[in-house]
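Each chain, written out:
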Amino acid sequence: MNVVGFDLSKTLLLRAKENLIDFNNAFLLRADIRNVCFKNKFDLISNLFTSFGYFESDEENFSFVKNSSKFLRKDGFFVFDYFNQFYLEKNLIPSSEREVNGIRISEKREIKNKRIVKEIFIQNSKTDKFYESVKLYSKDEIIDHFGKFGYKPRFIFGNYDGNNFDEELSERLVIFFT
């Protein structure tokens, strides 16, 4: 298969390149998801692991969805993976700490203005502080926005094992759009 991947982060692209041993025909590029457009048509487009919702406006968040409808083959799939908003709101873990290779990572989370806001502290020889803010969308809002660009949900799962989506119990929202 031919694989095309993109990210704004050089670090993540380098990590992806290191893991592409089995994909001789992989092409990775650095790009802003809001401005990506291809001339080629694809059988599969995927947006995985909550790499969505980081922008302030719905227009920006769904700009790739809008553009992608032009480069997905007629019988292709757009696989969209996101957290389940309802589950997250009911099961939010306000803070956590862990150690990875001798580095202490502390995270604080809160829901504010329909966004999940995370403050991340990384402590090794110095302390770095990062912020992450992701817009919360319900399953129906996702389906509605995708529908504006001609997409229809074909399969809806609640996890990576393919179990049915349950608004109260599913941690993930995985939708196969056609």
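So, about the layout of surface pockets. Using a probe with the size of a water molecule, rolled over the atoms, empty space left in the structure can be pinpointed. The volume enclosed by the largest pocket comes to roughly 1,800 Å³. Residue lining of the largest pocket: 42 residues in total, with Gly5, Phe6, Asp7, Ser46 and Ser51 positioned closest to the centre. Counting only elements with at least two residues in the lining of the largest pocket, the list comes to β1 (3-7), α1 (10-18), β3 (42-47) and β4 (72-83). Its residues placed into classes, the lining of the largest pocket shows 25 nonpolar, 10 polar and seven charged. In this structure, the second largest pocket occupies an estimated 560 Å³ of space. What lines the second largest pocket is a set of 19 residues, among which Thr50, Phe83, Leu88, Arg109 and Arg172 lie closest to the centre. Counting residues per element, the lining of the second largest pocket draws most heavily on helix α4 (residues 85-91), at three residues.

Now for the environment of Gly102. Examined against the element boundaries, Gly102 turns out to sit in the loop between β5 (95-100) and β6 (103-112). For the pair formed by Gly102 and Gln123, sequence separation is 21 residues and the distance between their alpha carbons is 9.2 Å.

Scanning the entire structure with this criterion turns up 13 salt bridges. Between Glu60 and Arg34 there is a salt bridge; the shortest N-O distance is 2.7 Å. Linking Glu60 in helix α2 (residues 58-61) with Arg34 in the loop between β2 (26-30) and β3, this pair joins segments that are 26 residues apart in sequence. Owing to a relative accessible area of 28%, Glu60 belongs among the partly exposed residues under this scheme. With a closest N to O distance of 3.3 Å, Asp128 and Lys126 form a salt bridge. Given the relative accessible area of 25%, Asp128 is considered partly exposed.

Formed by 26 residues in total, the largest nonpolar core has its most connected members in Phe78, Phe80, Tyr82, Ile142, Phe146 and Phe177. Secondary-structure elements contributing two or more residues to this core are β3, α3 (63-68), β4, α5 (139-147) and β10 (172-177). Take this core: its biggest share by element is five residues, from β4. Residues within four places of Tyr82 in sequence aside, it is in contact with Thr50, Phe52, Val134, Lys135, Leu136, Tyr137, Ile142, Arg172 and Leu173.

Moving on, we get to the packing of aromatic side chains. Any aromatic ring pair is given by two values, namely how distant the centres are and how the planes are angled relative to each other. For the coordinates displayed, the defined rule picks out 28 aromatic pairs. Judged by centre distance (5.0 Å) and plane angle (70°), the rings of Phe52 and Phe62 are edge-to-face. Here Phe62 lies in the loop between α2 and α3 and Phe52 lies in the loop between β3 and α2, a separation of 10 residues in the sequence. With centroids separated by 4.3 Å and ring planes inclined at 25°, the aromatic side chains of Tyr82 and Phe83 adopt a geometry described as stacked.

With that settled, consider the sheet that holds β5. Taken together, four strands build an open sheet; the order of strands is β5-β6-β7-β8 and the sheet is antiparallel. In the strand order of this sheet, the two ends are held by β5 and β8 (127-135), each with one partner. Within the sheet, the average angular offset between the axes of one strand and its neighbour, ignoring direction, is 20°. Sheet topology places β6 next to strand β7 (residues 115-123); nine bridges connect them, and they run antiparallel.

It is worth spelling out the sheet that holds β4 at this point. The four strands are arranged β3-β4-β10-β9 in an open sheet whose pairing can be described as mixed. Whereas interior strands pair on both sides, the edge strands pair on one side only; in this sheet they are β3 and β9 (153-157). When the angles between neighbouring strand axes are averaged without regard to direction, this sheet yields 15°. Relative to β10, β9 runs antiparallel, the two sharing four bridges. Its bridge partner being in β10, Ile156 is matched across the sheet by Ile175. Packed onto the sheet, α5 meets β4, β9 and β10 and runs at close to 25° relative to β10.

Conventions used here
Residues numbered from 1 in each chain as written. Predicted model: local features only at pLDDT ≥ 70, side-chain atom pairs only at ≥ 80, totals over all residues. Heavy atoms only, no water. 1 Å grid on protein atoms, 1.4 Å probe; cavity = no way out; pocket = protein on both sides within 12 Å on 5 of 7 lines; lining within 4 Å. Points joined across faces, edges and corners; volume = space filled by probe spheres on them. Helix = DSSP H or I, 4+ residues; strand = E, 2+ residues; numbered from the N terminus. Nonpolar A, V, L, I, M, F, W, Y, C, P; charged D, E, K, R; others polar. Salt bridge = Lys/Arg side-chain N within 4 Å of Asp/Glu carboxyl O. Buried < 20%, exposed > 50% of the residue type's maximum accessible area, 1.4 Å probe, protein only. Core = buried A, V, L, I, M, F, W, Y, C linked by side-chain atoms within 4.5 Å. Contact = heavy atoms within 4.5 Å. Phe/Tyr/Trp six-rings, centres within 6.5 Å; stacked < 30°, edge-to-face > 60°. Pairing = 2+ DSSP bridges. Axes fitted to C-alpha atoms, helices over the stretch in contact; angles between N-to-C directions.

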